Amino acid sequence: MYATLSYDVSAGPTPIEELRRMILEVFEEHDTCDLLSDTFICKVENTADYLALARKLRKVGTDVDGQFQFVFTLHSAGAPLRTNAPFPKAKANDILDPGADE
Amino acid sequence: MTRHASLLTLFLLGAVPAAAQDTPLVSRSGARPLVRPDGTYVFQHIPHSDLVFEGQIAPRIIIVDSIGRATRNVLLETKAPVWSYQVSTTPMVKLRMFDQTSNPVRTPSYMPKATVQFARFRNLSPEKDPDAEGFNRGPIEMWLVDVIPFGHHSNGQDGCLFTNQARNEEGDCIDVVPTPPEDQAVNKKDGSFSTNYIEAMAFYGRMALDSDGAAAGDYATRLEWRAGIGIQLNPEGYVGGSIKPALADRYGPTRILFGASAAQRGVWRCGRASADARLQWLTDNHPDVPALIFQLEGACFPSNWGGAGIFVRLYTGQDYYNLGFTESITRLQFGVTLQRDQFLSFRIKPN
C-alpha cells in the first residue's frame, strides 16, 4: 500500500527551508518515497505505519503554528495514482505496486 | 458410485467457496464475513474401519449482512457498542463412503439450515484518543447470538427405521415382529431418519488487532477467542419431516451445547491456527449412548492454500451420522478442511 501527501506551505515565523526539512524528516526512515511532479507518494508497510506518519505530519503542522497544512491519504497497493500532472510511470510503479514486477 | 468419481466431486464442490473469496482467511472491513460457518471437510479416522472417507460439504450462503458494515464503524464509535446481524443458509451434506462392493455412500445426512446471527461489537482499548497508537489494537469485544430457527436432518431413505417394521397400506411403519423398544435394531440399509431442530447459542469473545497483513485502512484480528452456551431442540410436529416419537425416544431430542474456540493469525506457517472444543449434553439420552458428546479440534490453514487447511479432531460420544444415533463412537479424525471462520478486520477512524 502507499500514501499520497498533498500540502500547502505558507510564509510565517518558521523559515520555509526549515519547514521543508521538518517535513522530509518525517519520511527519513522511508526510502521508497518520491516527489513525482506535484504529488508526494510514499510506500507504507501497513495501516499502523501510515497512522504513525500521519501523527508526525500533524505534529509538524502544530509546531509551525498553521504554516503547514496537508492531506495525507492511504491507498491500496496497485490503486491508480490520480494526478493532473505528467509523472514517470516506471518510477511511480516501484512505490505504487512494488510486487507487480516480481 | 465409484470411489474416484466421488472424491473428484467432493474436491470440486469444496473448492468453489474458497476460490471465490479474495481473502479466505481475513475478511476486509465492509465485506460480508464468515462467522462460525460449519466448514467443508474430507477426512479419515482411527481406529481404522471400513470407511473409505467421510465428508462434509457445507458452503455458507450469506443472504443479508450488516456485520460487514459494522466492522467499518466499531473503531469510529470509540466506546459505543455497534450492533449487526447476518442471515445465511447452509445446504450442508455429510456422507460416508464405505469399502464395500461398489463403495456405497450409505446413507447421507442432508442437513440444510437457516442461520440468523446477531453480533454486538465494542472497542475495549484503554486508549481514549483515536490517535493514540493502541486505540486500533482493541481488544474488540464481541457478543454473538447464533440462532438456527430451522434446521433439518434426514437421510433421504424410505424404509422403516427399525428392522422389525414394515409399512402398512397407509405408509406407516408398524411392528411385524413384536419387539420391545430396547431390543429394536436400526435398519441401516434404508431406514428413514428425519428430524427438524431449533438451535440457539450465545457467545462472548474478544479480538486483538494489528495492521500487519491487513488491507489498507484496516486493522485485522491477530488473536481471538470466544466461548458460549446454547440449546438444541428437536420438537415433534415442527414442520414436515419433524422427529417421530419412536426416534425421539432414542435420539436425545434436547441437547445443551457448550463451545469454546481460539485462533491466531500467522503462527509458524499457518495463516490461521485454531483450536475448537465442543460439548453436548443430551438431557434425555437413551441408555445405549452416553449423555455427553465431546469433540476437540485443532487446525492449521497455510497462508498460500487459498483457505484450505489440515485438521485433527478427537470425537467421542453418540454417532452424529443419521442412523448411527444408537451407537457410541470414539474416533481421531484427520484430513482436509476449508471455508472456515474469517479473521474480522476493522476500519480505522479517518484522519
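A brief look at the structure comes next. Bear in mind the structure is a predicted one, so any value in this text is a computation, not a measurement.

## Considering the overall build of chain B
Consideration 1: Tallying secondary structure elements over chain B gives 3 helices and 16 strands in all.
Consideration 2: At 22 Å, chain B has a C-alpha radius of gyration in line with the 20 Å of a compact globule built from 351 residues.
Consideration 3: With respect to the three principal axes, the spread of C-alpha positions in chain B is 80 × 40 × 30 Å.
Consideration 4: Residues classed as buried in chain B amount to 51% of the 351 residues present.
Consideration 5: The distance from the centre of the 34 positive side-chain charges to the centre of the 35 negative ones in chain B is 8 Å.

## Things to note about the interface of chain A and chain B
Consideration 1: Each side of the interface is counted separately: chain A has 12 residues, and chain B has 15 residues.
Consideration 2: Among the residues chain A hides against chain B, the three largest losses belong to A:Thr47, A:Leu51 and A:Arg55. Together they make up 41% of the total.
Consideration 3: The interface formed by chain A and chain B holds 0 salt bridges in total.
Consideration 4: At the boundary of chain A with chain B, the tally comes to 6 residue pairs in polar contact (both at pLDDT 80 or more).
Consideration 5: If you list the elements that add at least two residues to the side of chain A that touches chain B, you get helix H2 (47–63) and strand E4 (68–75) of chain A.

## A word on the packing of aromatic side chains
Centre distance and the angle of the planes are the two values used to describe a pair of aromatic rings.
Consideration 1: All chains considered together, the criterion is met by 16 aromatic pairs over all chains.
Consideration 2: Ring geometry for A:Tyr7 against A:Phe68: centres 6.2 Å apart, planes inclined by 50°, an arrangement best described as tilted. Of this pair, A:Tyr7 sits in strand E1 (residues 2–9) while A:Phe68 sits in strand E4; the two residues are 61 residues apart in sequence, bridging distant segments of the chain.
Consideration 3: When the ring of B:Phe193 is compared with that of B:Tyr251, the centres are 5.6 Å apart and the planes differ by 70°; the resulting orientation is edge-to-face. Of this pair, B:Phe193 sits in the loop between strand E8 (173–175) and strand E9 (194–210) while B:Tyr251 is found in helix H3 (residues 245–251), placing the two residues 58 residues apart along the sequence.
Consideration 4: Judged by its relative accessible area of 1%, B:Phe193 falls in the buried class.
Consideration 5: Every member of this aromatic cluster is reached through a ring pair, and the members are A:Phe27, A:Phe40, A:Tyr50 and A:Phe72.
Consideration 6: Taking NZ or CZ as reference, B:Arg313 lies 5.5 Å from the ring centre of B:Phe43, over its face.

## As for unusual backbone geometry
All names here are of chain B.
Consideration 1: Here the residue pair Ile46 and Pro47 is connected by a cis peptide bond, since its omega of 5° sits within 30 degrees of zero.
Consideration 2: Mapped onto the elements of the fold, Pro47 is located in the loop between strand E1 (40–46) and strand E2 (51–57).
Consideration 3: Looking along the chain, the bond that leaves Gly138 and enters Pro139 is cis, with omega of 10°.
Consideration 4: Tracing the chain through its elements places Pro139 in the loop between strand E5 (109–123) and strand E6 (140–154).
Consideration 5: The backbone of Arg36 sits at a positive phi, close to 55°, despite the residue not being glycine.
Consideration 6: Tracing the chain through its elements places Arg36 in the loop between helix H1 (3–19) and E1.
Consideration 7: For Asn103, which is not a glycine, the phi torsion comes out positive at approximately 45°.
Consideration 8: For Asn103, a relative accessible area of 13% translates into the label buried.

## Structural notes on the state of the cysteines
Note on terminology: a disulfide is the covalent bond linking the sulfur atoms of two cysteines.
Consideration 1: Tallied over the full model, the rule gives 3 disulfides over all chains.
Consideration 2: With its sulfur 1.9 Å from that of its partner, A:Cys33 forms a disulfide with A:Cys42. Grouping residues by exposure puts A:Cys33 and A:Cys42 together as buried.
Consideration 3: Here B:Cys270 engages in a disulfide with B:Cys300; their sulfurs sit 1.9 Å apart. Taking the sign of the S-S torsion, -105° for the link of B:Cys270 and B:Cys300, the bridge is left-handed. Here B:Cys270 is found in strand E12 (residues 270–282), whereas its partner B:Cys300 is found in strand E13 (residues 292–302), with 30 residues between them in sequence. Across the pair, B:Cys300 and B:Cys270 agree in class, each one buried.
Consideration 4: Within chain B, bonded cysteines paired by disulfides and numbered along the sequence follow the pattern 1-2, 3-4.

## Notes on the environment of B:Leu124
All names here are of chain B.
Consideration 1: Position of Leu124 among the secondary structure elements: in the loop between E5 and E6.
Consideration 2: Each C-alpha atom, one on Leu124 and one on Gly138, is 5.6 Å from the other, the two residues being 14 residues apart in sequence.
Consideration 3: Leu124 has contacts with Lys79, Pro139, Glu141, Tyr204 and Arg206, leaving out every residue within four places of it along the chain.

What counts and how
- Residues numbered from 1 in each chain as written.
- Chains lettered and ligands numbered in written order.
- Predicted model: local features only at pLDDT ≥ 70, side-chain atom pairs only at ≥ 80, totals over all residues.
- Heavy atoms only, no water.
- Helix = DSSP H or I, 4+ residues; strand = E, 2+ residues; numbered from the N terminus.
- Rg over C-alpha atoms; globule rule 2.2 N^0.38 Å.
- Buried < 20%, exposed > 50% of the residue type's maximum accessible area, 1.4 Å probe, protein only.
- Lys, Arg positive; Asp, Glu negative; His and termini not counted.
- Charge placed at Lys NZ, Arg CZ, Asp CG, Glu CD.
- Contact = heavy atoms within 4.5 Å.
- Buried area = accessible area lost by both parts, 1.4 Å probe.
- Salt bridge = Lys/Arg side-chain N within 4 Å of Asp/Glu carboxyl O.
- Polar contact = N/O pair within 3.5 Å; in protein donor to acceptor, adjacent residues only side chain to side chain.
- Phe/Tyr/Trp six-rings, centres within 6.5 Å; stacked < 30°, edge-to-face > 60°.
- Lys NZ or Arg CZ within 6 Å of the ring centre and 35° of its normal.
- Disulfide = S-S within 2.5 Å.

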